[in-house]
Amino acid sequence: MSRVYNFSAGPSMLPEEVLKKAAAEMLDYEGCGQSVMEMSHRSKTFDKIIKDAESLFRELMNIPDNYKVLFLQGGASTQFASIPMNFMNKNNKADFIITGQWAKKAYQEAARYGEARVVASSADKTFSYIPKTTADDFDKDADYVYICMNNTIYGTKFASLPEVGDIPLIADISSMFLSEPIDVSKFAVVYGGAQKNIAPAGLTVVIIREDMLGNAMDITPTMLNYQVMADNDSLYNTPPCYTIYICKLVLEWIKDQGGIEAVYANNCKKAKILYDFLDNSKMFNSTVATEDRSLMNVPFVTGNEELDAKFVKEATAAGFVNLKGHRSFGGMRASIYNAMQIYGVEKLVAFMAEFEAANS
Ligand SMILES: *Cc1c(COP(=O)(O)O)cnc(C)c1O
């Protein structure tokens with residue numbers, strides 16, 4: 001068996017230890033004679049899995065007690081509708097910072113349910129930076145301010161949070177979940193799809209401060225009502241059981257690594273190796289303002305589309321896969337989530353140096 005170096009933006013690679021454990025437990029989970037895929041979501045065995053996953057989230061992310069941790073479906077994209085339906089509930093308006101496609105989609109969806117306002121955008125420079133804002137830019141009557149904290153496609157990240165005063169701050173953290181310490185208490189809601197850094201596709205984790213709950217619009221479908229999901233401990237209907245189980249294994253793996261601080265230190269090393277190379281290369285260039293660079297998603301270009309394509313082709317043949325940039329952006333992108341080891345990035349950089357030498 002040979003595994004590739006997988007730089008997919010999502011669904012993305014998982015830690016090998018997790019895959020091996022899942023394989024070993026596939027036919028018989030902890031002596032119960034069934035796979036987690038086959039058991040009732042109301043069983044004692046599954047109840048322990050989902051409760052363990054929740055408590056690991058709380059422990060690793062230091063989630064305050066007045067926050068709910070929900071295990072939902074529908075991906076991040078479903079939350080683009082759930083968020084306005086649940087939270088545009090006082091003045092029916094919300095403020096958005098547009099830093100890429102995902103923020104834009106969230107904004108467009110919210111605009112269907114209330115007054116969505118763009119406070120700042122980096123569309124003018126192909127989302128290659130994070131726009132600066134001050135407290136005065138936001139509408140004091142906004143029900144919330146919405147950001148996408150790490151922009152998977154463009155490779156930017158909010159290095160610091162916008163000053164929003166007392167307005168609840170809601171953030172899509174899909175592609176940076178569990179990759180670095182974040183202070184959950186600064187947010188009203190953080191959420192993300194699992195397939196970037198937590199588990200296979202099918203699970204969306206939503207962390208909500210309790211006072212935000214209970215005022216959903218009347219039109220809100222039951223399945224999108226966070227209060228209903230919170231009241232039922234994410235078991236109103238059948239949850240994505242197997243994905244929640246893999247999520248639990250990943251959380252245990254993070255704990256084994258030394259927790260989020262340790263994983264973060266590793267992520268900083270990986271990102272530095274890659275950015276240092278890009279900053280010194282005469283062929284490959286980073287597309288992102290230095291101070292706004294993501295630790296997880298690193299887009300780069302040669303400036304020549306044919307050369308980009310040649311690079312992706314040769315990299316793939318050499319076992320470095322999923323390096324093609326997003327279909328809307330082109331170029332290349334290396335996603336270096338938690339599961340990517342330092343040596344994977346070192347190997348990639350060595351390959352890029354060889355390619356540069358051979359093609360210049
Ligand atoms: C991938 C991604 C999404 C979309 O997630 P789905 O689960 O496919 O709906 C939204 N936001 C961010 C930041 C993403 O990276």
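Note: the structure precedes this text.
Attention here is on the structure that accompanies the text. (Residues numbered from 1 in each chain as written. Predicted model: local features only at pLDDT ≥ 70, side-chain atom pairs only at ≥ 80, totals over all residues. Heavy atoms only, no water.)

The nonpolar side chains of a soluble globular protein tend to be buried with one another. Within the largest apolar cluster, 92 residues are counted, with the highest numbers of intra-cluster contacts made by F57, M61, I207, I246, L274, F284 and F311. With eleven residues, helix α6 (residues 241–257) is the single largest residue contributor to this core. When residues of this core are sorted by domain, at least three fall in each of domain 1 (17–257) and domain 2 (259–359). If we ignore the near neighbours within four places in the chain, the residues touching I207 are M61, I63, Y67, K68, V69, F177, V184, A188, V189 and V190. Membership of the second largest hydrophobic core comes to 34 residues, among which are A81, A94, A116 and Y226. (Core = buried A, V, L, I, M, F, W, Y, C linked by side-chain atoms within 4.5 Å. Buried < 20%, exposed > 50% of the residue type's maximum accessible area, 1.4 Å probe, protein only. Helix = DSSP H or I, 4+ residues; strand = E, 2+ residues; numbered from the N terminus. Domains from an automatic or database assignment. Contact = heavy atoms within 4.5 Å.)

Once that is clear, we can look at the pairing of strand β3 (residues 93–98). The element β3 is largely enclosed, with a buried count of six among its six residues. Both faces of β3 are covered, namely the face carrying K93, D95 and I97 and the face carrying A94, F96 and I98. A crossover links β3 with its parallel partner strand β4 (residues 115–121), the connecting element being helix α4 (residues 101–110), and its sense is right-handed. (Right-handed = clockwise from strand over helix to strand, strands pointing away.)

As a further point, take the sheet that holds strand β2 (residues 67–72). If you walk across this open sheet you meet the seven strands as β2-β10-β9-β8-β5-β3-β4, and the pairing is mixed. Lying at the two open borders of the sheet, with one neighbouring strand each, are β2 and β4. Pairwise comparison of adjacent strand axes, ignoring direction, gives a mean angle of 20° for this sheet. As defined by bridge partners, strand β5 (residues 144–148) adjoins strand β8 (residues 169–172) across four bridges and the pair is classed as parallel. (Pairing = 2+ DSSP bridges. Axes fitted to C-alpha atoms, helices over the stretch in contact; angles between N-to-C directions.)

The next thing to look at is the packing of aromatic side chains. Inspection of every chain in the model, using the stated rule, returns 20 aromatic pairs. Ring geometry for F87 versus Y226: centroids 5.5 Å apart, planes at 20°, classification stacked. Taken together, the positions of F87 in helix α3 (residues 75–87) and Y226 in helix α5 (residues 226–231) put the pair 139 residues apart, joining distant regions of the chain. Pair check on accessibility: F87 and Y226 agree, each one buried. Each residue in the set Y5, F277, F284, F300, F311, F320, Y343, F351 and F355 is aromatic and connected to the rest through ring pairs, giving one cluster. One Lys or Arg, K125, reaches over the ring of Y129 and ends 5.6 Å from the middle of that ring. (Phe/Tyr/Trp six-rings, centres within 6.5 Å; stacked < 30°, edge-to-face > 60°. Lys NZ or Arg CZ within 6 Å of the ring centre and 35° of its normal.)

Here we take up the pattern of salt bridges. Within the structure shown, the criterion is met by 18 salt bridges. Ionic pairing is found between E16 and K20, a salt bridge with its closest N-O pair at 3.6 Å. Residue E16 and its partner K20 are both found in helix α1 (residues 16–24); the two are separated by four residues, about one turn of the helix. A residue is classified by how much of its surface remains accessible, and K20, at 55% relative accessible area, is exposed. Put simply, R209 and D211 hold a salt bridge, and the shortest N to O gap is 2.6 Å. What makes D211 exposed here is its relative accessible area of 51%. Among the charged side chains, a network of salt bridges with common partners joins R3, E16 and K20. (Salt bridge = Lys/Arg side-chain N within 4 Å of Asp/Glu carboxyl O.)

A few words now on the packing of α1 against α6. In contact at an axis separation of 9 Å, α1 and α6 are set at 130° when each is read in the N-to-C sense. What the angle tells us is that α1 and α6 run oblique. Considering only the axes of α1 and α6, their crossing is right-handed. On α6, the residues that touch E17, V18, K21 and A22 of α1 are Y242, Y245, I246, L249, V250, E252 and W253. The class makeup of the residues in the contact of α1 with α6 is eight nonpolar, no polar and three charged. (Parallel < 35°, antiparallel > 145°, perpendicular 65-115°, else oblique. Left-handed = near helix turned anticlockwise from the far one by under 90°. Nonpolar A, V, L, I, M, F, W, Y, C, P; charged D, E, K, R; others polar.)

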